[in-house]
Amino acid sequence: MTDFNSINNLNFYINSRNIPLAPLKGTEEGIKNQENNMSNTRSNASYYSVYPPLLYTFQNARMDNEIMLKYLLNLLSLPSTIDKFIKETLSKNKDGKDNGLAKLLTENLLNTKALAEYLSKNSKIAIEKNLRMISDSLKSGIDDNFQLREVLSVLSAIHAQSSSNSNILKEFLLLYIPINGQIFDRETEYSPDSEEEKSEISNSCLSIMLETINFSNILCVLNIFDNNVCLTMYAVESFPFAKFKNIILNFAKDVNIDIIIDFKIKKMQKNDTKKLQNFKIVSKSLVMLNVLVLSHLIVKTIIKIDNDFI
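Every value quoted in this text rests on a predicted model; they were computed, and no experiment measured them. (Residues numbered from 1 in each chain as written. Predicted model: local features only at pLDDT ≥ 70, side-chain atom pairs only at ≥ 80, totals over all residues. Heavy atoms only, no water.)

Undergrad: Just to check I follow, could you spell out the environment of Val293 for this structure?
TA: Along the chain, the position of Val293 falls in helix α10 (residues 289–308). You can call Val293 buried: its relative accessible area is 10%. For the pair formed by Val293 and Val255, sequence separation is 38 residues and the distance between their alpha carbons is 9.8 Å. (Helix = DSSP H or I, 4+ residues; strand = E, 2+ residues; numbered from the N terminus. Buried < 20%, exposed > 50% of the residue type's maximum accessible area, 1.4 Å probe, protein only.)

Following this line, the structure appears as structure tokens:
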């Protein structure tokens, strides 16, 4: 999902929320064509539960990762940020009825099985919408539907994973982390380096196993002790632990999460060079929301540190 133009394709995000468009610009013929395209799209608004993008933008524009994710979240009926997701799962509609996200909780814990069912159902609906949009773009004479097909590929990967419930937290968190789209349907090659790591993973509330480009494999293990979140991180000596710790502690302070961080040095594996980042998550069926929030931050922070490393 690279080489996209996010400014032009802000129309995706704007139209999905029925925000008024800015005045059209260009030649008289171009404006007329745009007006006709918008008129045709609006006439079919009831055809989609999500307001579709203006098809003509596919000819000259590309979405970047962030805009693509916003578009996917909209198709999947998910909030635009992880913070809003947490808030909406804990809230109720004005009429007092639980919203769809509230059903994902069991005693204020995220039920990963319920999350998988939710994403399986919504991704199936989104795939059908996306296929109709590809068909409509072809009928409109637009052959460049690469991005719609890329969206379809991501939705298909989410549907496959959510249907099997094999690693659903990875697919869920990926929707909130701008990263290469290929990761959605790629399995991680990570394997624990020691019996200690294997034991930590099997006994943890949640474990994140990351493949990085510059720091080999990284293991983050999260547990709860005496209302504190305990993070044990296994990483090579070159990893900037102080920078990482500062980011996590500042965030935890802002959201009132008590966290204890412990680092353990692991050896760099020979010939362990990665061209793509990836991760997988192993967790219990019920996950505390503060652990979910920290997991999102941990993955996002490590990926950014890895990308910025020189």
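Undergrad: Help me out: how do you make sense of the sheet that holds strand β4 (residues 217–225) in this one?
TA: Strand pairs in the sheet, formed through backbone hydrogen bonds, run parallel or antiparallel to each other. Ordered by their spatial adjacency, five strands build an open sheet running β6-β5-β4-β3-β7, and the pairing between neighbours is mixed. A single partner strand is all that each edge strand has here, and the edge strands are β6 (259–265) and β7 (278–283). Taking the axes of each pair of neighbouring strands and ignoring which way they run, one obtains an average angle of 15° across the sheet. As defined by bridge partners, strand β3 (residues 206–211) adjoins β7 across six bridges and the pair is classed as antiparallel. Counterpart to Glu211 in the pairing with β7 is Asn278. (Pairing = 2+ DSSP bridges. Axes fitted to C-alpha atoms, helices over the stretch in contact; angles between N-to-C directions.)

Undergrad: Looking at this model, I keep getting lost on helix α9 (residues 241–254). Mind explaining?
TA: Residue pairs spaced three or four apart in an α-helix point in one direction, given the helix's 3.6 residues per turn. Taking 1.5 Å per residue, 14 residues should reach 20 Å; α9 reaches 20 Å between its end C-alpha atoms and fits that length. The secondary structure elements touched by the buried residues of α9 are β5 (228–235), β6 and α10. Immediately beyond the C-terminal end of α9, within one or two residues, lies Asn256, with a positive phi of roughly 60°. (Expected span 1.5 Å × (residues − 1). Contact = heavy atoms within 4.5 Å.)

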